[in-house]
Amino acid sequence: MKNFRIGICSSDTDYSVGLMDYINADKSLGINAVMFSSMNALREYLEIEDMDLVLTDDISECSVSQKELSYCGVRVAELTDYQMVGSRDSTLVGEACIYKYQPVSVICKLIKKDLLTGTDSSRRVVECLGVYSPLGRCGKTRLAKTLAGYDEVRGGLYIEMEDCSQNMSGLYSNILYLLKSRSPELEESVNAEIITDSGIGNLYLSGTYVDTRDVTKEDMKMLLDTILKTGRFTSIVCDIGGAAFNDLSILDVFDHIYMPVLDDPISTNKLEIFMKYMKDTGNANILRKINTVHVPDAEAFSNELIRAVWRLRSGDEEWS
């Protein structure tokens, strides 16, 4: 599930607006475009957000590295008024140029090609991670929040789907209603309800598990796709309570599932029962996605837990 974000900055603002509207209207492109009135405005934006590509006709402040243009560390494709650019310094032959006045469909193909073949982009595939455990008090929430905070590219989003929310505002969230009704207002509501806390995005879907029990696999896919369209995050981490789902096959929508475990006899027995249940109900494919982890007794975002997450994401067997 890839979604790219690009910036458009042209001296012709009508052109920028038109190109942005065309790109954003075609959801199949997997591209979210943002228009800027000046390079200064773009620079201010890049101080707090990231992008995959910048389209601009002003390259005066761009840097050249390995025959590619970049602006504030983001690759640049120049928008040019000419189909052939022959007056350029020969050292820039690798630079991407896009003729502004060709069919927009062709421009979109060139943009997509540049996004997919770029060699110097810091872009990583967006990952959707689930943190789930049939055990209580095992460090699930601390692990989920630290996983979201571990993303240093565009930042992570923490989605709370616990049995009971830690945030009172979850009681007043209407996201699940909009999701179930397939409302066109869903995307706007999701964007509005994401709050930043402790350096990560936070989204609270409901105050209690009662509202989440009838969420289906298709609903979950739609929610994740809606978040991906924003292009704001490179990690989406769901903190899933034991009572959150009627159907645990929903876990299959996640790229990876991290399961905090405990070593006492009761916890071990519960895990064995859970694993057998998943196999008996035809969910063995989900088990292949699960990485068990012993979460250190430390606060979220602490150095100890960050080290643990680093080792977990690196595939260190000590933690998985």
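Note that the structure is predicted; figures quoted are calculated from it, not measured.

Quick look at the overall build of the chain
Turning to step 1, where the next piece is worked out: When helices and strands are tallied, the chain shows 10 helices and 14 strands.
Turning to step 2, where the next piece is worked out: Expressed as a percentage of its 320 residues, the buried residues of the chain come to 48%.
Turning to step 3, where the next piece is worked out: A fraction of 71% describes how many contacts in the chain between residues 6 or more apart in sequence connect residues 24 or more apart.
Turning to step 4, where the next piece is worked out: Surface exposure of the chain reaches about 15800 Å², of which carbon and sulfur atoms provide 49%.

Thoughts on the nonpolar core
Turning to step 1, where the next piece is worked out: Ile159, Leu203, Met220, Ile227 and Phe254 are the most contacted members of the largest nonpolar core, which has 42 residues in total.
Turning to step 2, where the next piece is worked out: Top contributing element to this core by residue count: helix H7 (residues 217-229), with 5 residues.
Turning to step 3, where the next piece is worked out: Isoleucine 159 has contacts with Leu203, Leu205, Ile227, Ile236, Val237, Cys238 and Asp239, leaving out every residue within four places of it along the chain.
Turning to step 4, where the next piece is worked out: The next biggest cluster of nonpolar side chains, apart from the first, holds 19 residues, and it includes Ile23, Ile31, Leu55 and Leu115.

What to know about a nonpolar patch on the surface
Turning to step 1, where the next piece is worked out: Judged by side-chain polarity, Met168, Leu171 and Tyr172 come together as a nonpolar surface patch covering roughly 400 Å² of accessible area.
Turning to step 2, where the next piece is worked out: Turning to its location among the elements, tyrosine 172 is positioned in the loop between strand S9 (156-161) and helix H5 (175-180).

Quick notes on the packing of helix H4 (residues 140-150) against helix H10 (residues 303-313)
Turning to step 1, where the next piece is worked out: Two elements in contact, H4 and H10, have axes whose closest approach is 10 Å; the angle formed by their N-to-C orientations is 75 degrees. Comparing the axis directions of H4 and H10 gives the class roughly perpendicular. Residue-level inspection shows Arg142, Leu143, Thr146, Leu147 and Tyr150 of H4 in contact with H10, the latter providing Leu305, Ile306, Val309, Trp310, Leu312 and Arg313.
Turning to step 2, where the next piece is worked out: By residue class, the composition of the contact of H4 with H10 is 8 nonpolar, 1 polar and 2 charged.

What to know about the pattern of salt bridges
Turning to step 1, where the next piece is worked out: By the definition in use, this model includes 11 salt bridges.
Turning to step 2, where the next piece is worked out: Taking the shortest distance from any N to any O, the salt bridge between aspartate 239 and lysine 140 comes out at 2.6 Å. One end of the pair, aspartate 239, is in strand S12 (residues 235-240); the other, lysine 140, is in helix H4, with 99 residues separating them in the sequence.
Turning to step 3, where the next piece is worked out: Residue classification places aspartate 239 among the buried residues on the basis of a relative accessible area of 0%.
Turning to step 4, where the next piece is worked out: Take lysine 140: its relative accessible area is 10%, and that puts it in the buried class.

A closer look at the environment of isoleucine 194
Turning to step 1, where the next piece is worked out: Positionally, isoleucine 194 belongs in the loop between helix H6 (186-193) and strand S10 (195-197).
Turning to step 2, where the next piece is worked out: Accessibility expressed as a relative area gives 10% for isoleucine 194, which makes it buried.
Turning to step 3, where the next piece is worked out: Sequence-wise, isoleucine 194 and isoleucine 159 are 35 residues apart; in three dimensions their C-alpha atoms are separated by 9.2 Å.
Turning to step 4, where the next piece is worked out: Those residues in contact with isoleucine 194, other than ones at most four positions away along the chain, are Leu157, Gly201, Asn202, Leu203, Arg232 and Phe233.

About the thresholds
- Residues numbered from 1 in each chain as written.
- Predicted model: local features only at pLDDT ≥ 70, side-chain atom pairs only at ≥ 80, totals over all residues.
- Heavy atoms only, no water.
- Helix = DSSP H or I, 4+ residues; strand = E, 2+ residues; numbered from the N terminus.
- Buried < 20%, exposed > 50% of the residue type's maximum accessible area, 1.4 Å probe, protein only.
- Contact = heavy atoms within 4.5 Å.
- Areas by Shrake-Rupley, 256 points an atom, 1.4 Å probe, with all protein chains shown as cover.
- Core = buried A, V, L, I, M, F, W, Y, C linked by side-chain atoms within 4.5 Å.
- Patch = residues over 30% accessible without salt bridge, like charges linked within 9 Å, V, L, I, M, F, W, Y side chains within 5 Å.
- Salt bridge = Lys/Arg side-chain N within 4 Å of Asp/Glu carboxyl O.
- Axes fitted to C-alpha atoms, helices over the stretch in contact; angles between N-to-C directions.
- Parallel < 35°, antiparallel > 145°, perpendicular 65-115°, else oblique.
- Nonpolar A, V, L, I, M, F, W, Y, C, P; charged D, E, K, R; others polar.

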